[in-house]
Amino acid sequence: MNHPGQTNLREEDLHAYVDGRLDAAARQAVETWLASHPQDAARVQAYRQQNQLLHSLFDPALAEPLPPALQAASRRRRRYVPAAMAAALAWMTLGGSGGWLLHAYYQTGETGLSIATLPQRAAIAHVVYTPEVLHPVEVDAQQETHLAAWLSKRLGTTLRIPHLQTVGYDLVGGRLLPDRDRPAAQFMYQDASGRRLTLYARLQNGTAREPTAFRYSLENKVAVFYWVDGDVGYALSGEIDKAQLLQAAEIAYRELNL
Amino acid sequence: MTADTPDIAVHIPRLRRYARALVGDASRADDLVQDTLERALRKFTLWRHGSDLRAWLFTIMHNIFINQLRANRLPSVPLDDTGENTLAAPPAGQEQQLQIRDLMTALRHLPAEFRAVVLLVGLEELSYDEAARVLGVPRGTVMSRLARGREKLQALMAGEQVPTLRRVK
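This is a predicted model, so every value here is computed, not measured.

A few points about the overall build of chain B
In step 1: Along its length, chain B carries 8 helices and 0 strands.
In step 2: Classification of the 169 residues of chain B by burial places 50% in the buried group.
In step 3: Within chain B, contacts between residues at least 6 apart in sequence are counted, and of these 69% link residues at least 24 apart.
In step 4: In the form shown here, chain B has an accessible surface area of approximately 7900 Å², with 49% of it arising from carbon and sulfur atoms.

See below:
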(Lines give C-alpha, C1' and ligand atoms only; values in the text may rest on other atoms or scores of the structure.)
Protein backbone atom coordinates (compact mmCIF):
# COMPACT_ATOMS: atom_id res chain seq x y z
CA MET A 1 0.00 0.00 0.00
CA ASN A 2 1.15 3.50 -0.64
CA HIS A 3 0.85 6.32 1.74
CA PRO A 4 1.68 9.98 1.36
CA GLY A 5 5.36 10.37 1.67
CA GLN A 6 6.11 6.94 0.37
CA THR A 7 8.54 7.09 -2.45
CA ASN A 8 7.05 4.69 -4.96
CA LEU A 9 3.70 3.68 -6.32
CA ARG A 10 3.45 -0.05 -6.66
CA GLU A 11 2.50 -1.08 -10.18
CA GLU A 12 -0.12 -3.39 -8.75
CA ASP A 13 -1.80 -0.51 -6.94
CA LEU A 14 -1.91 1.56 -10.08
CA HIS A 15 -3.86 -1.21 -11.83
CA ALA A 16 -6.06 -1.88 -8.84
CA TYR A 17 -6.83 1.84 -8.87
CA VAL A 18 -7.75 1.70 -12.56
CA ASP A 19 -9.97 -1.30 -11.91
CA GLY A 20 -11.65 0.21 -8.88
CA ARG A 21 -10.40 -2.47 -6.54
CA LEU A 22 -8.82 -0.34 -3.82
CA ASP A 23 -10.37 0.66 -0.54
CA ALA A 24 -10.81 4.32 0.25
CA ALA A 25 -7.50 4.77 2.06
CA ALA A 26 -5.46 3.09 -0.65
CA ARG A 27 -7.33 5.01 -3.32
CA GLN A 28 -6.53 8.25 -1.57
CA ALA A 29 -2.88 7.31 -1.39
CA VAL A 30 -2.76 6.58 -5.12
CA GLU A 31 -4.48 9.85 -5.92
CA THR A 32 -2.00 11.73 -3.83
CA TRP A 33 0.80 10.07 -5.74
CA LEU A 34 -0.79 10.74 -9.12
CA ALA A 35 -1.22 14.42 -8.33
CA SER A 36 2.51 14.83 -8.42
CA HIS A 37 3.37 12.18 -11.03
CA PRO A 38 1.78 13.15 -14.34
CA GLN A 39 3.27 10.20 -16.21
CA ASP A 40 1.53 7.73 -13.99
CA ALA A 41 -1.62 9.82 -14.10
CA ALA A 42 -1.52 9.61 -17.88
CA ARG A 43 -1.15 5.84 -17.72
CA VAL A 44 -4.13 5.60 -15.40
CA GLN A 45 -6.15 7.64 -17.83
CA ALA A 46 -4.99 5.56 -20.78
CA TYR A 47 -5.78 2.25 -19.09
CA ARG A 48 -9.18 3.45 -18.01
CA GLN A 49 -9.83 4.43 -21.56
CA GLN A 50 -8.79 0.95 -22.69
CA ASN A 51 -11.44 -0.53 -20.43
CA GLN A 52 -14.07 1.88 -21.69
CA LEU A 53 -13.21 1.17 -25.31
CA LEU A 54 -13.33 -2.57 -24.69
CA HIS A 55 -16.84 -2.15 -23.36
CA SER A 56 -17.87 0.08 -26.26
CA LEU A 57 -16.51 -2.42 -28.70
CA PHE A 58 -17.73 -5.68 -27.22
CA ASP A 59 -20.76 -4.95 -25.07
CA PRO A 60 -23.04 -5.08 -28.12
CA ALA A 61 -22.27 -8.82 -28.23
CA LEU A 62 -24.21 -9.16 -24.98
CA ALA A 63 -27.43 -8.12 -26.63
CA GLU A 64 -27.14 -10.06 -29.86
CA PRO A 65 -29.66 -12.84 -30.40
CA LEU A 66 -28.17 -16.28 -29.91
CA PRO A 67 -27.36 -18.13 -33.10
CA PRO A 68 -29.15 -21.48 -33.45
CA ALA A 69 -26.04 -23.52 -32.67
CA LEU A 70 -25.61 -21.85 -29.31
CA GLN A 71 -29.27 -22.10 -28.53
CA ALA A 72 -29.03 -25.79 -29.24
CA ALA A 73 -25.88 -26.19 -27.17
CA SER A 74 -27.36 -24.40 -24.20
CA ARG A 75 -30.66 -26.15 -24.57
CA ARG A 76 -28.94 -29.49 -24.41
CA ARG A 77 -27.66 -28.46 -21.06
CA ARG A 78 -30.76 -26.79 -19.86
CA ARG A 79 -33.13 -29.48 -20.88
CA TYR A 80 -30.86 -32.42 -20.39
CA VAL A 81 -32.87 -34.12 -23.07
CA PRO A 82 -30.33 -36.71 -24.18
CA ALA A 83 -29.50 -37.60 -20.60
CA ALA A 84 -33.12 -37.67 -19.61
CA MET A 85 -34.13 -39.76 -22.57
CA ALA A 86 -31.24 -42.10 -22.01
CA ALA A 87 -32.23 -42.46 -18.38
CA ALA A 88 -35.79 -43.17 -19.35
CA LEU A 89 -34.78 -45.70 -21.96
CA ALA A 90 -32.33 -47.37 -19.64
CA TRP A 91 -35.05 -47.67 -17.11
CA MET A 92 -37.40 -49.23 -19.54
CA THR A 93 -35.01 -51.67 -21.11
CA LEU A 94 -32.47 -52.70 -18.52
CA GLY A 95 -32.73 -54.91 -15.49
CA GLY A 96 -33.61 -53.92 -11.98
CA SER A 97 -36.41 -51.48 -11.79
CA GLY A 98 -36.51 -51.51 -15.58
CA GLY A 99 -37.37 -55.15 -15.63
CA TRP A 100 -39.95 -54.51 -13.02
CA LEU A 101 -41.26 -51.66 -15.06
CA LEU A 102 -41.68 -53.81 -18.15
CA HIS A 103 -43.22 -56.49 -16.03
CA ALA A 104 -45.67 -54.06 -14.57
CA TYR A 105 -46.14 -52.55 -17.96
CA TYR A 106 -47.71 -55.65 -19.38
CA GLN A 107 -49.35 -56.81 -16.23
CA THR A 108 -52.46 -54.88 -16.88
CA GLY A 109 -55.22 -57.07 -18.14
CA GLU A 110 -58.55 -56.03 -19.35
CA THR A 111 -59.46 -54.61 -16.02
CA GLY A 112 -57.18 -51.64 -16.40
CA LEU A 113 -53.69 -50.50 -15.57
CA SER A 114 -51.87 -51.92 -12.60
CA ILE A 115 -51.18 -49.26 -10.05
CA ALA A 116 -47.61 -50.56 -9.93
CA THR A 117 -46.90 -48.80 -13.20
CA LEU A 118 -48.08 -45.46 -11.89
CA PRO A 119 -44.97 -44.23 -10.03
CA GLN A 120 -42.67 -45.47 -12.79
CA ARG A 121 -44.64 -43.77 -15.52
CA ALA A 122 -44.78 -40.64 -13.44
CA ALA A 123 -41.06 -40.69 -12.67
CA ILE A 124 -40.13 -41.17 -16.30
CA ALA A 125 -42.34 -38.28 -17.33
CA HIS A 126 -40.81 -36.26 -14.51
CA VAL A 127 -37.27 -36.95 -15.67
CA VAL A 128 -38.07 -36.24 -19.28
CA TYR A 129 -39.93 -32.98 -18.84
CA THR A 130 -38.62 -31.21 -15.75
CA PRO A 131 -35.27 -30.30 -17.35
CA GLU A 132 -37.12 -28.49 -20.13
CA VAL A 133 -36.59 -24.78 -20.03
CA LEU A 134 -38.19 -23.55 -23.19
CA HIS A 135 -41.10 -25.96 -23.30
CA PRO A 136 -41.66 -27.44 -19.88
CA VAL A 137 -45.40 -27.50 -20.42
CA GLU A 138 -47.85 -27.37 -23.28
CA VAL A 139 -50.28 -25.04 -21.57
CA ASP A 140 -48.96 -22.67 -18.97
CA ALA A 141 -50.39 -21.66 -15.63
CA GLN A 142 -51.86 -18.46 -17.00
CA GLN A 143 -54.42 -20.58 -18.78
CA GLU A 144 -55.14 -22.75 -15.81
CA THR A 145 -58.88 -22.97 -16.43
CA HIS A 146 -58.32 -23.98 -20.01
CA LEU A 147 -55.64 -26.47 -18.94
CA ALA A 148 -57.97 -28.17 -16.47
CA ALA A 149 -60.83 -28.27 -18.96
CA TRP A 150 -58.68 -29.59 -21.77
CA LEU A 151 -57.03 -32.36 -19.79
CA SER A 152 -60.33 -33.31 -18.11
CA LYS A 153 -61.81 -33.74 -21.54
CA ARG A 154 -58.90 -35.79 -22.81
CA LEU A 155 -58.69 -38.04 -19.77
CA GLY A 156 -62.43 -38.43 -19.57
CA THR A 157 -62.80 -37.38 -15.97
CA THR A 158 -62.96 -34.15 -14.07
CA LEU A 159 -59.43 -33.10 -13.15
CA ARG A 160 -58.68 -30.46 -10.62
CA ILE A 161 -55.34 -28.77 -10.48
CA PRO A 162 -54.10 -28.61 -6.92
CA HIS A 163 -52.24 -25.54 -5.73
CA LEU A 164 -49.03 -26.12 -3.85
CA GLN A 165 -48.12 -22.55 -2.95
CA THR A 166 -48.35 -23.35 0.73
CA VAL A 167 -45.25 -25.50 0.32
CA GLY A 168 -43.59 -22.97 -1.94
CA TYR A 169 -44.38 -24.42 -5.36
CA ASP A 170 -46.15 -22.46 -8.06
CA LEU A 171 -47.93 -24.06 -10.96
CA VAL A 172 -45.92 -23.88 -14.20
CA GLY A 173 -48.58 -25.55 -16.34
CA GLY A 174 -49.33 -28.95 -17.70
CA ARG A 175 -49.22 -31.31 -20.63
CA LEU A 176 -50.92 -34.30 -22.12
CA LEU A 177 -48.95 -37.54 -22.17
CA PRO A 178 -49.47 -41.06 -23.44
CA ASP A 179 -49.70 -43.84 -20.90
CA ARG A 180 -49.96 -47.42 -22.03
CA ASP A 181 -53.40 -47.37 -23.59
CA ARG A 182 -54.75 -44.05 -22.45
CA PRO A 183 -53.91 -40.41 -22.06
CA ALA A 184 -52.32 -39.08 -18.92
CA ALA A 185 -51.77 -35.58 -17.62
CA GLN A 186 -48.76 -33.98 -16.04
CA PHE A 187 -48.84 -30.79 -14.02
CA MET A 188 -45.57 -29.12 -13.26
CA TYR A 189 -44.70 -26.98 -10.28
CA GLN A 190 -41.63 -24.94 -9.49
CA ASP A 191 -40.28 -23.28 -6.38
CA ALA A 192 -38.29 -20.06 -6.14
CA SER A 193 -35.02 -21.89 -6.71
CA GLY A 194 -36.30 -23.56 -9.87
CA ARG A 195 -36.76 -26.96 -8.24
CA ARG A 196 -39.61 -28.77 -9.86
CA LEU A 197 -42.30 -31.21 -8.84
CA THR A 198 -44.68 -32.95 -11.19
CA LEU A 199 -48.10 -34.38 -10.55
CA TYR A 200 -49.02 -37.17 -12.89
CA ALA A 201 -52.65 -38.19 -13.29
CA ARG A 202 -54.34 -40.90 -15.26
CA LEU A 203 -57.58 -42.77 -15.18
CA GLN A 204 -57.19 -45.77 -12.91
CA ASN A 205 -60.26 -47.79 -13.69
CA GLY A 206 -61.26 -51.42 -13.18
CA THR A 207 -59.81 -53.55 -10.42
CA ALA A 208 -56.69 -51.45 -10.42
CA ARG A 209 -58.63 -48.98 -8.38
CA GLU A 210 -57.14 -48.91 -4.94
CA PRO A 211 -57.85 -47.24 -1.65
CA THR A 212 -56.48 -43.78 -1.27
CA ALA A 213 -53.56 -44.47 1.04
CA PHE A 214 -50.30 -42.85 0.01
CA ARG A 215 -47.64 -45.11 -1.28
CA TYR A 216 -44.02 -44.19 -1.65
CA SER A 217 -41.59 -45.30 -4.28
CA LEU A 218 -38.06 -44.21 -5.08
CA GLU A 219 -37.63 -44.50 -8.83
CA ASN A 220 -33.99 -44.07 -9.56
CA LYS A 221 -33.38 -40.75 -7.84
CA VAL A 222 -36.91 -39.55 -8.18
CA ALA A 223 -39.11 -39.76 -5.11
CA VAL A 224 -42.75 -40.51 -5.86
CA PHE A 225 -45.83 -40.50 -3.65
CA TYR A 226 -48.82 -42.00 -5.39
CA TRP A 227 -52.37 -42.72 -4.57
CA VAL A 228 -55.71 -43.43 -6.16
CA ASP A 229 -58.64 -41.22 -5.52
CA GLY A 230 -61.94 -42.11 -7.11
CA ASP A 231 -61.13 -43.22 -10.62
CA VAL A 232 -57.91 -41.24 -10.97
CA GLY A 233 -54.42 -42.36 -10.05
CA TYR A 234 -52.10 -39.56 -8.96
CA ALA A 235 -48.35 -39.57 -8.53
CA LEU A 236 -46.34 -36.63 -7.21
CA SER A 237 -42.68 -36.81 -8.21
CA GLY A 238 -39.70 -34.77 -7.19
CA GLU A 239 -36.00 -34.99 -6.58
CA ILE A 240 -36.43 -33.82 -3.03
CA ASP A 241 -36.40 -35.65 0.25
CA LYS A 242 -39.23 -37.88 1.26
CA ALA A 243 -40.56 -35.75 4.09
CA GLN A 244 -40.78 -32.64 1.92
CA LEU A 245 -42.44 -34.55 -0.85
CA LEU A 246 -44.92 -36.09 1.55
CA GLN A 247 -45.83 -32.66 2.78
CA ALA A 248 -46.48 -31.55 -0.80
CA ALA A 249 -48.44 -34.73 -1.51
CA GLU A 250 -50.67 -34.12 1.48
CA ILE A 251 -51.36 -30.61 0.29
CA ALA A 252 -52.11 -31.92 -3.19
CA TYR A 253 -54.45 -34.55 -1.82
CA ARG A 254 -56.30 -31.98 0.27
CA GLU A 255 -56.51 -29.57 -2.65
CA LEU A 256 -57.90 -32.25 -4.89
CA ASN A 257 -60.66 -32.96 -2.39
CA LEU A 258 -61.69 -29.41 -1.62
CA MET B 1 -30.77 -33.36 -13.92
CA THR B 2 -31.55 -32.17 -10.44
CA ALA B 3 -33.98 -29.35 -10.60
CA ASP B 4 -31.71 -26.94 -8.78
CA THR B 5 -28.74 -27.08 -11.12
CA PRO B 6 -27.98 -23.50 -12.02
CA ASP B 7 -28.63 -22.24 -15.44
CA ILE B 8 -25.59 -22.19 -17.69
CA ALA B 9 -27.53 -20.32 -20.34
CA VAL B 10 -27.62 -17.07 -18.41
CA HIS B 11 -23.85 -16.89 -18.78
CA ILE B 12 -23.82 -17.24 -22.56
CA PRO B 13 -23.94 -13.52 -23.39
CA ARG B 14 -20.84 -12.81 -21.32
CA LEU B 15 -19.06 -15.87 -22.65
CA ARG B 16 -19.80 -14.59 -26.12
CA ARG B 17 -18.52 -11.13 -25.33
CA TYR B 18 -15.27 -12.47 -23.95
CA ALA B 19 -14.83 -14.94 -26.79
CA ARG B 20 -15.48 -12.21 -29.34
CA ALA B 21 -12.80 -10.03 -27.82
CA LEU B 22 -10.43 -12.92 -27.38
CA VAL B 23 -10.52 -14.37 -30.90
CA GLY B 24 -11.62 -11.25 -32.76
CA ASP B 25 -13.98 -13.01 -35.13
CA ALA B 26 -17.67 -13.40 -34.45
CA SER B 27 -18.25 -16.83 -35.92
CA ARG B 28 -15.08 -18.36 -34.51
CA ALA B 29 -15.95 -16.81 -31.18
CA ASP B 30 -19.34 -18.49 -31.23
CA ASP B 31 -17.66 -21.77 -32.12
CA LEU B 32 -15.53 -21.33 -29.04
CA VAL B 33 -18.60 -20.63 -26.92
CA GLN B 34 -20.29 -23.70 -28.32
CA ASP B 35 -17.28 -25.87 -27.56
CA THR B 36 -17.28 -24.41 -24.07
CA LEU B 37 -20.94 -25.18 -23.50
CA GLU B 38 -20.55 -28.70 -24.75
CA ARG B 39 -17.59 -29.39 -22.56
CA ALA B 40 -19.35 -27.81 -19.60
CA LEU B 41 -22.27 -30.15 -20.24
CA ARG B 42 -20.08 -33.19 -20.22
CA LYS B 43 -18.12 -32.08 -17.19
CA PHE B 44 -20.96 -30.62 -15.25
CA THR B 45 -20.65 -33.16 -12.47
CA LEU B 46 -17.19 -31.75 -11.79
CA TRP B 47 -18.53 -28.32 -11.05
CA ARG B 48 -18.80 -27.81 -7.31
CA HIS B 49 -22.16 -26.59 -6.18
CA GLY B 50 -21.92 -23.17 -4.66
CA SER B 51 -18.75 -22.21 -6.47
CA ASP B 52 -18.80 -19.54 -9.13
CA LEU B 53 -20.34 -21.06 -12.22
CA ARG B 54 -19.33 -18.18 -14.44
CA ALA B 55 -15.68 -18.42 -13.44
CA TRP B 56 -15.83 -22.15 -14.07
CA LEU B 57 -17.21 -21.56 -17.56
CA PHE B 58 -14.52 -18.99 -18.29
CA THR B 59 -11.93 -21.49 -17.14
CA ILE B 60 -13.28 -24.10 -19.53
CA MET B 61 -13.31 -21.57 -22.33
CA HIS B 62 -9.77 -20.52 -21.59
CA ASN B 63 -8.53 -24.11 -21.65
CA ILE B 64 -10.23 -24.77 -24.96
CA PHE B 65 -8.84 -21.54 -26.35
CA ILE B 66 -5.33 -22.46 -25.29
CA ASN B 67 -5.67 -25.94 -26.78
CA GLN B 68 -6.90 -24.48 -30.01
CA LEU B 69 -4.07 -22.01 -30.08
CA ARG B 70 -1.68 -24.91 -29.70
CA ALA B 71 -3.47 -26.83 -32.37
CA ASN B 72 -3.23 -23.70 -34.49
CA ARG B 73 -6.91 -23.60 -35.10
CA LEU B 74 -7.07 -20.06 -33.85
CA PRO B 75 -4.14 -18.05 -35.10
CA SER B 76 -3.30 -15.48 -32.48
CA VAL B 77 -2.77 -12.94 -35.20
CA PRO B 78 -5.30 -13.16 -38.01
CA LEU B 79 -3.82 -12.86 -41.46
CA ASP B 80 -6.12 -10.22 -42.73
CA ASP B 81 -7.94 -7.32 -41.24
CA THR B 82 -11.39 -8.78 -41.34
CA GLY B 83 -12.16 -7.60 -37.87
CA GLU B 84 -13.93 -4.46 -38.98
CA ASN B 85 -16.39 -6.50 -40.95
CA THR B 86 -17.15 -9.09 -38.35
CA LEU B 87 -17.30 -6.75 -35.42
CA ALA B 88 -20.10 -4.31 -35.88
CA ALA B 89 -18.79 -1.12 -34.37
CA PRO B 90 -21.35 0.57 -32.18
CA PRO B 91 -22.48 4.09 -32.92
CA ALA B 92 -19.88 6.45 -31.64
CA GLY B 93 -18.28 9.75 -32.35
CA GLN B 94 -15.69 9.88 -35.04
CA GLU B 95 -12.80 10.12 -32.66
CA GLN B 96 -14.06 7.18 -30.69
CA GLN B 97 -14.59 5.25 -33.91
CA LEU B 98 -10.93 5.74 -34.68
CA GLN B 99 -9.91 4.69 -31.21
CA ILE B 100 -12.11 1.62 -31.44
CA ARG B 101 -10.53 0.66 -34.73
CA ASP B 102 -7.10 1.16 -33.23
CA LEU B 103 -8.09 -0.96 -30.28
CA MET B 104 -9.32 -3.80 -32.49
CA THR B 105 -6.13 -3.82 -34.43
CA ALA B 106 -4.04 -3.56 -31.31
CA LEU B 107 -5.88 -6.39 -29.59
CA ARG B 108 -5.25 -8.69 -32.49
CA HIS B 109 -1.56 -8.04 -32.23
CA LEU B 110 -1.40 -8.45 -28.50
CA PRO B 111 -0.03 -11.90 -27.61
CA ALA B 112 -2.79 -14.19 -26.37
CA GLU B 113 -1.59 -14.54 -22.79
CA PHE B 114 -1.67 -10.77 -22.34
CA ARG B 115 -4.90 -10.38 -24.25
CA ALA B 116 -6.66 -12.87 -21.99
CA VAL B 117 -5.67 -11.04 -18.82
CA VAL B 118 -6.45 -7.58 -20.15
CA LEU B 119 -9.89 -8.78 -21.25
CA LEU B 120 -10.78 -10.79 -18.16
CA VAL B 121 -9.93 -7.85 -15.93
CA GLY B 122 -10.80 -4.86 -18.09
CA LEU B 123 -13.82 -6.17 -19.97
CA GLU B 124 -15.21 -8.99 -17.89
CA GLU B 125 -14.30 -7.26 -14.66
CA LEU B 126 -13.07 -10.35 -12.91
CA SER B 127 -11.09 -9.79 -9.75
CA TYR B 128 -7.38 -10.54 -9.97
CA ASP B 129 -7.88 -13.70 -7.94
CA GLU B 130 -10.72 -14.85 -10.20
CA ALA B 131 -8.61 -14.16 -13.27
CA ALA B 132 -5.78 -16.17 -11.71
CA ARG B 133 -8.09 -19.14 -11.18
CA VAL B 134 -9.52 -18.91 -14.67
CA LEU B 135 -6.08 -18.79 -16.22
CA GLY B 136 -4.55 -21.30 -13.84
CA VAL B 137 -1.65 -19.04 -12.95
CA PRO B 138 -0.58 -17.32 -9.72
CA ARG B 139 -2.02 -13.94 -8.90
CA GLY B 140 1.41 -12.38 -9.31
CA THR B 141 1.51 -13.62 -12.89
CA VAL B 142 -1.87 -12.05 -13.52
CA MET B 143 -0.59 -8.75 -12.21
CA SER B 144 2.57 -8.77 -14.27
CA ARG B 145 0.71 -9.83 -17.42
CA LEU B 146 -1.89 -7.15 -16.79
CA ALA B 147 0.78 -4.50 -16.45
CA ARG B 148 2.68 -5.62 -19.53
CA GLY B 149 -0.50 -6.28 -21.49
CA ARG B 150 -1.90 -2.81 -20.88
CA GLU B 151 1.43 -1.27 -21.68
CA LYS B 152 1.75 -3.19 -24.92
CA LEU B 153 -1.82 -2.47 -25.87
CA GLN B 154 -1.24 1.22 -25.32
CA ALA B 155 1.89 1.14 -27.42
CA LEU B 156 0.10 -0.74 -30.19
CA MET B 157 -2.78 1.72 -30.14
CA ALA B 158 -0.34 4.57 -30.32
CA GLY B 159 0.81 3.13 -33.60
CA GLU B 160 3.82 1.09 -32.68
CA GLN B 161 4.80 -0.95 -35.65
CA VAL B 162 4.50 -4.66 -35.17
CA PRO B 163 6.06 -6.21 -38.25
CA THR B 164 7.64 -9.03 -36.32
CA LEU B 165 4.28 -10.19 -35.04
CA ARG B 166 2.68 -10.33 -38.42
CA ARG B 167 2.63 -13.74 -39.94
CA VAL B 168 3.92 -14.11 -43.42
CA LYS B 169 2.60 -16.74 -45.71
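Remarks on the interface of chain A and chain B
In step 1: Taken together, the contacts link 39 residues of chain A with 49 residues of chain B.
In step 2: Taking both partners together, chain A and chain B bury about 4200 Å²; carbon and sulfur atoms supply 62% of that area.
In step 3: Residue Arg150 of chain B pairs with Asp19 of chain A through a salt bridge whose shortest N-O separation is 2.6 Å.
In step 4: Our count for the contact surface shared by chain A and chain B stands at 16 residue pairs in polar contact (both at pLDDT 80 or more).
In step 5: Of all the secondary-structure elements, those providing two or more residues to the side of chain A that touches chain B are helix H1 (11-18), helix H3 (38-58), helix H4 (60-63) and helix H5 (68-79) of chain A.
In step 6: With 11 residues, the top contributor of residues to the side of chain A that touches chain B is H3 of chain A.
In step 7: Partitioning the side of chain A that touches chain B into residue classes produces 19 nonpolar, 8 polar and 12 charged.

Let's talk about the side chain of Gln186 of chain A
Residue and element names in this part refer to chain A.
In step 1: Topologically, Gln186 is positioned in strand E3 (residues 183-190).
In step 2: A residue is classified by how much of its surface remains accessible, and Gln186, at 1% relative accessible area, is buried.
In step 3: At 3.1 Å, the side chain of Gln186 forms a polar contact with the backbone oxygen of Ala125.
In step 4: Once residues within four sequence positions are removed from consideration, Gln186 is found in contact with Ala125, His126, Tyr129, Gly173, Gly174, Arg175, Leu177, Thr198, Leu199 and Tyr200.

As for the sheet that holds strand E7 (residues 232-238) of chain A
Two orientations exist for strands paired in a sheet by backbone hydrogen bonds: parallel and antiparallel.
All names here are of chain A.
In step 1: In spatial order, the strands read E1-E2-E3-E4-E7-E6-E5; together these 7 strands make up an open sheet with antiparallel pairing. Looking at strand neighbours, the two that pair on one side only are strand E1 (139-140) and strand E5 (215-219), the edges of this open sheet.
In step 2: Across the sheet, helix H9 (residues 144-155) is in contact with E1, strand E2 (170-178), E3 and strand E4 (196-203); its angle to E2 comes to roughly 25°.

Quick word on unusual backbone geometry
In step 1: Positioned with a positive phi, Glu125 of chain B is a non-glycine residue whose angle comes to about 55°.
In step 2: Structurally, Glu125 of chain B is set in the loop between helix H6 (112-122) and helix H7 (128-135).

Focus: the packing of aromatic side chains
In step 1: The final tally for this structure, using the stated rule, is 7 aromatic pairs over all chains.
In step 2: Between the aromatic rings of Trp227 of chain A and Tyr253 of chain A, the centroid separation amounts to 6.3 Å while the plane-to-plane angle is 75°, which identifies the pairing as edge-to-face. With Trp227 of chain A in strand E6 (residues 222-229) and Tyr253 of chain A in helix H10 (residues 242-256), the pair connects residues that are 26 residues apart, well separated along the chain.
In step 3: Classification of Tyr253 of chain A by relative accessible area gives partly exposed; the value is 27%.
In step 4: Taking the centre distance of 5.2 Å and the plane angle of 65° together, the rings of Tyr18 of chain B and Phe58 of chain B count as edge-to-face. Of this pair, Tyr18 of chain B sits in helix H1 (residues 12-23) while Phe58 of chain B sits in helix H3 (residues 53-70); the two residues are 40 residues apart in sequence, bridging distant segments of the chain. Assigned by exposure class, Tyr18 of chain B and Phe58 of chain B land together as buried.
In step 5: Stacked on the ring of Tyr216 of chain A, the Lys or Arg Lys242 of chain A has its end atom at 4.3 Å from the ring centre.

Here's the deal with the pattern of salt bridges
Close approach of charged atoms lets side chains of opposite charge pair.
Residues and elements named next belong to chain A.
In step 1: For the structure on display, the rule yields 17 salt bridges over all chains.
In step 2: Among the ionic pairs, Arg43 bridges to Glu11, the shortest N-O distance being 2.5 Å. Taken together, the positions of Arg43 in helix H3 and Glu11 in helix H1 put the pair 32 residues apart, joining distant regions of the chain.
In step 3: You can call Arg43 partly exposed: its relative accessible area is 25%.
In step 4: Its relative accessible area of 32% is what places Glu11 among the partly exposed residues.
In step 5: Of the charged contacts in the structure, one is a salt bridge between Arg121 and Asp179, with a shortest N-O distance of 3.1 Å. One end of the pair, Arg121, is in helix H8 (residues 117-129); the other, Asp179, is in the loop between E2 and E3, with 58 residues separating them in the sequence.
In step 6: A residue is classified by how much of its surface remains accessible, and Arg121, at 14% relative accessible area, is buried.

As for helix H2 (residues 24-35) of chain A
In step 1: Here H2 of chain A is 12 residues long and its end C-alpha atoms lie 16 Å apart, about the 16 Å a rise of 1.5 Å per residue gives.
In step 2: Where the residues of H2 of chain A are buried, they touch H1 and H3 of chain A.

Remarks on the confidence of the model for chain B
All names here are of chain B.
In step 1: Summing up the model confidence of chain B, the mean pLDDT is 78 and the portion of residues at 70 or higher is 73%.
In step 2: Below pLDDT 50 for its whole length, residues 74-90 participates in 42 contacts with residues either more than four positions away or in separate chains.
In step 3: Low confidence marks residues 163-169, where pLDDT is under 50. Its contacts with residues over four positions away, or in another chain, come to 11 contacts.

What to know about the environment of Ala61 of chain A
In step 1: Following the sequence through the fold, Ala61 of chain A ends up in helix H4.
In step 2: Apart from residues lying up to four places away in sequence, Ala61 of chain A is in contact with Arg16, Arg17 and Arg20 of chain B.

Describing the side chain of Ser152 of chain A
Residues and elements named next belong to chain A.
In step 1: By secondary structure assignment, the location of Ser152 is in helix H9.
In step 2: Only 2.6 Å separates the side chain of Ser152 from the backbone oxygen of Ala148, close enough to count as a polar contact.
In step 3: Of the polar contacts made by the side chain of Ser152, one reaches the backbone nitrogen of Leu159; its length is 2.8 Å.
In step 4: With residues near it in sequence (within four places) discarded, Ser152 still touches Thr157, Thr158 and Leu159.

Things to note about H1 of chain A
In step 1: For H1 of chain A, the buried fraction is high: 6 of the 8 residues fall into the buried class.
In step 2: Against H2 and H3 of chain A together with H7 and helix H8 (139-157) of chain B lie the buried residues of H1 of chain A.
In step 3: After H1 of chain A finishes, the residue Gly20 of chain A shows a positive phi value of roughly 65°.

Each value, and the rule that gives it
Residues numbered from 1 in each chain as written. Chains lettered and ligands numbered in written order. Predicted model: local features only at pLDDT ≥ 70, side-chain atom pairs only at ≥ 80, totals over all residues. Heavy atoms only, no water. Helix = DSSP H or I, 4+ residues; strand = E, 2+ residues; numbered from the N terminus. Buried < 20%, exposed > 50% of the residue type's maximum accessible area, 1.4 Å probe, protein only. Contact = heavy atoms within 4.5 Å. Areas by Shrake-Rupley, 256 points an atom, 1.4 Å probe, with all protein chains shown as cover. Buried area = accessible area lost by both parts, 1.4 Å probe. Salt bridge = Lys/Arg side-chain N within 4 Å of Asp/Glu carboxyl O. Polar contact = N/O pair within 3.5 Å; in protein donor to acceptor, adjacent residues only side chain to side chain. Nonpolar A, V, L, I, M, F, W, Y, C, P; charged D, E, K, R; others polar. Pairing = 2+ DSSP bridges. Axes fitted to C-alpha atoms, helices over the stretch in contact; angles between N-to-C directions. Phe/Tyr/Trp six-rings, centres within 6.5 Å; stacked < 30°, edge-to-face > 60°. Lys NZ or Arg CZ within 6 Å of the ring centre and 35° of its normal. Expected span 1.5 Å × (residues − 1). pLDDT = per-residue confidence, 0-100.

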